[in-house]
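Analysis of the macromolecular model
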Amino acid sequence: MPLTRQQALEYFNSPDLIGLGFEADAVRRRLHPEGVVTYIIDRNINYTNFCTEYCTFCAFYRPLPKNGKTDPRSDEGYILEFETIYDKIAETLEMGGTAC
């Protein structure tokens, strides 16, 4: 049975991550009682660490220079070359990763 909008909002706003995980596992067990669990190998390729947002929890991002002003961390920013991205994709596929 699909979630209602209200249920989805309650789950989204819930601080109980463990409880949410248990509920998700119960749904998985109900839908797949044979007990088989699978996974995929994938990879999130970050082609840059420049970002226009400022998240207080993110240690990854580096600010883009704006209006001639630079942040010292801007020098640590990168944008990967296409060849590097292609190499990372090939590495993932060699490890059995999916291409989707």
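An account of the accompanying structure is given in this report. (Residues numbered from 1 in each chain as written. Predicted model: local features only at pLDDT ≥ 70, side-chain atom pairs only at ≥ 80, totals over all residues. Heavy atoms only, no water.)

1. Considerations on the overall build of the chain
So the rule is basically this: What counts as a helix is a DSSP run of H or I of at least four residues, what counts as a strand is a run of E of at least two, and both are numbered from the N terminus. Think of it in three bands: with a 1.4 Å probe and only protein chains considered, a residue is buried below 20% of the maximum accessible area for its type, exposed above 50%, and partly exposed in between. Working rule for contacts: check all heavy atoms of both residues, and any pair within 4.5 Å makes them a contact. Surface exposure here means Shrake-Rupley accessible area, sampled with a 1.4 Å probe, where a residue is shielded only by the protein chains that are shown. When charges are counted, neither His nor the chain ends are considered; positive counts come from Lys and Arg and negative counts from Asp and Glu. A charge is said to be at NZ when it belongs to Lys, at CZ for Arg, at CG for Asp and at CD for Glu.
Check the secondary structure of the chain and you find three helices and two strands. Along the chain, helices and strands appear, N-terminal first, in the series α-α-β-β-α. Buried residues in the chain amount to 10% of all 100 residues. For the chain, the share of sequence-separated contacts (at least 6 apart) that also reach a separation of at least 24 residues comes to 47%. Accessible area of the chain: about 8900 Å², with a carbon and sulfur share of 59%. Taking the average location of the 10 positive side-chain charges in the chain and that of its 15 negative ones, the two points are 6 Å from each other.

2. Comments concerning the layout of surface pockets
Using the following cut-off: Throughout, the protein atoms alone are placed on a 1 Å grid, and a set of points is a cavity if a 1.4 Å probe fits but cannot get out or a pocket if it is open with protein on both sides within 12 Å along at least five of seven lines; lining residues have an atom within 4 Å of a point. Grid points are joined across faces, edges and corners, and a volume is the space filled by probe spheres set on the points. Each residue gets one of three labels, nonpolar for Ala, Val, Leu, Ile, Met, Phe, Trp, Tyr, Cys and Pro, charged for Asp, Glu, Lys and Arg, and polar for the others, Gly among them.
Quantified by volume, the largest pocket comes out at close to 260 Å³. For the largest pocket, the full set of lining residues is Met1, Pro2, Leu3, Gln7, Tyr11, Leu20, Glu23, Ala24, Val27 and Arg30. For the lining of the largest pocket, the secondary structure elements donating two or more residues are helix 1 (5-13) and helix 2 (17-31). Here the element with the most residues in the lining of the largest pocket is helix 2; it accounts for five residues. Of the residues in the lining of the largest pocket, the class split is seven nonpolar, one polar and two charged.

3. Notes on the pattern of salt bridges
We apply this condition: The salt bridge definition used is simple: a Lys or Arg side-chain nitrogen within 4 Å of an Asp or Glu carboxyl oxygen.
All told, the structure shown has four salt bridges when counted by the stated rule. In this structure, Glu91 engages Arg43 in a salt bridge whose closest nitrogen and oxygen atoms are separated by 2.9 Å. Taken as a pair, Glu91 in helix 3 (residues 82-94) and Arg43 in the loop between helix 2 and strand 1 (50-51) lie far apart in primary sequence, 48 residues in all. Look at Arg43 and you get partly exposed, because its relative accessible area is 34%. Between Glu76 and Arg62 there is a salt bridge; the shortest N-O distance is 2.7 Å. Here Glu76, found in the loop between strand 2 (62-63) and helix 3, pairs with Arg62, found in strand 2; they are 14 residues apart in sequence, far enough to count as distant.

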